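Close look at the chain arrangement
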Amino acid sequence: MRVDVITIFPAVFREFLGASLIGRAIAAGLLEVQVHDLRDYTDDPHRSVDDEPYGGGGGMVMTAPPWLHAVRLVSGDGPPPHRILLSPQGERLDDARVRGLAGEERLVLLCGRYEAIDERVRMLVVDSELSIGDYVLSGGEVPAMTVIEAVSRHIPGVVGRPESVENESFRSGLLDHPHYTRPRTVEGIEVPDVLRSGDHASIDAWRREQALEATRRKRPDLLAGDARGQEVASKASNRR
Ligand code: 9D3
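We now turn to the structure provided with this report. (Residues numbered from 1 in each chain as written. Predicted model: local features only at pLDDT ≥ 70, side-chain atom pairs only at ≥ 80, totals over all residues. Heavy atoms only, no water.)

We now examine the site of the ligand. Around the ligand, 17 residues are found, and the nearest of them are E115, I132, G133, Y135 and L137. Note that a nitrogen atom of the ligand is positioned 3.0 Å from one of the backbone N or O atoms of I132. A distance of 2.8 Å is found between an oxygen atom of the ligand and a backbone nitrogen or oxygen belonging to L137. Coverage of the ligand by the protein chains reaches 76% of its 570 Å² of free accessible surface. In terms of residue class, the shell around the ligand is made up of nine nonpolar, seven polar and one charged. (Near = heavy atom within 4 Å. Polar contact = N/O pair within 3.5 Å; in protein donor to acceptor, adjacent residues only side chain to side chain. Areas by Shrake-Rupley, 256 points an atom, 1.4 Å probe, with all protein chains shown as cover. Nonpolar A, V, L, I, M, F, W, Y, C, P; charged D, E, K, R; others polar.)

For the rest of this paragraph, the subject is the packing of helix α4 (residues 95–102) against helix α6 (residues 141–152). It is the contact of α4 with α6, at a shortest axis distance of 9 Å, that shows an interaxial angle of 75°. Classified by the angle between their axes, α4 and α6 sit roughly perpendicular to one another. Between α4 and α6, the residues in contact are V98, L101 and A102 and V147, A150 and V151, respectively. Residue composition of the contact of α4 with α6, by class: six nonpolar, no polar and no charged. (Axes fitted to C-alpha atoms, helices over the stretch in contact; angles between N-to-C directions. Helix = DSSP H or I, 4+ residues; strand = E, 2+ residues; numbered from the N terminus. Parallel < 35°, antiparallel > 145°, perpendicular 65-115°, else oblique. Contact = heavy atoms within 4.5 Å.)

This next bit is on empty space enclosed by the protein. Within the structure shown, the criterion is met by one cavity of 30 Å³ or more. The volume enclosed by the largest cavity comes to roughly 30 Å³. Lining the largest cavity are M1, V3, L31, L107, L109, V147, I148, V151 and S152. Elements that contribute at least two residues to the lining of the largest cavity include exactly β6 (106–111) and α6. Here the lining of the largest cavity gets four residues from one element, more than from any other, and that element is α6. Classifying every residue of the lining of the largest cavity by side-chain character gives eight nonpolar, one polar and no charged. (1 Å grid on protein atoms, 1.4 Å probe; cavity = no way out; pocket = protein on both sides within 12 Å on 5 of 7 lines; lining within 4 Å. Points joined across faces, edges and corners; volume = space filled by probe spheres on them.)

Inspection of the secondary structure assignment puts P156 in the loop between α6 and α7 (162–166). Overall, the relative accessible area of 70% leaves P156 in the exposed class. The spacing of P156 and Y114 is 42 residues in sequence and 36 Å in space, taken between C-alpha atoms. (Buried < 20%, exposed > 50% of the residue type's maximum accessible area, 1.4 Å probe, protein only.)

In structure tokens, the structure reads:
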């Protein structure tokens, strides 16, 4: 997969792209990420990318011309990439959306800053608009890294063991069970006996029970409400 990022803070991505899973995916040629400085696509000597809003009010608005220029140049003339604007007005990113994006050959991620982006950018060069949740960030850079990391995990070969991607909590619909490692006692708290019993059927049953209990307590929304939640809840209790 090839990902192009357009931002006024390209330096923010450097460490991220070198580190850990993403760095290895890039080194292995499974993922290619290019980060572009929006200011390189301005045509004034001040390289300015914002202006005052028509209609007044506070804050600045990112101007359309550098975005149109950048998105079109970066998109090239091959098969059209899927172009995503990261924005608080977007649809919320979730596991289903991540899996869908992982099927794309190419993504272009537009990271906004300031109060807003000129509406013509959305109209002319954006295919979808995504948010990572209902809280205020300073721009689209952290959301873009979130998209890159979440999507990369679904590219075949990026995560060493494919089971670990398939088994991850949002597919099963349950949160993970608790984990323990040495030492056996930490400040008086013992590892549960069952985990040291060697009885793998009992261990599996305990883990399922703990996962279901943790989900009921911390994320009841994963069990209730929509049809899929109900299906997962009944599957999980059938296993007990
Ligand atoms: C006053 C209206 N605000 C919109 C809800 C202004 C505003 C807040 C934050 C304008 C831009 C931003 C910058 N945030 C993002 O660009 C952003 C974001 C976020 O803030 N939260 C969750 N997901 C995302 S994706 C991009």
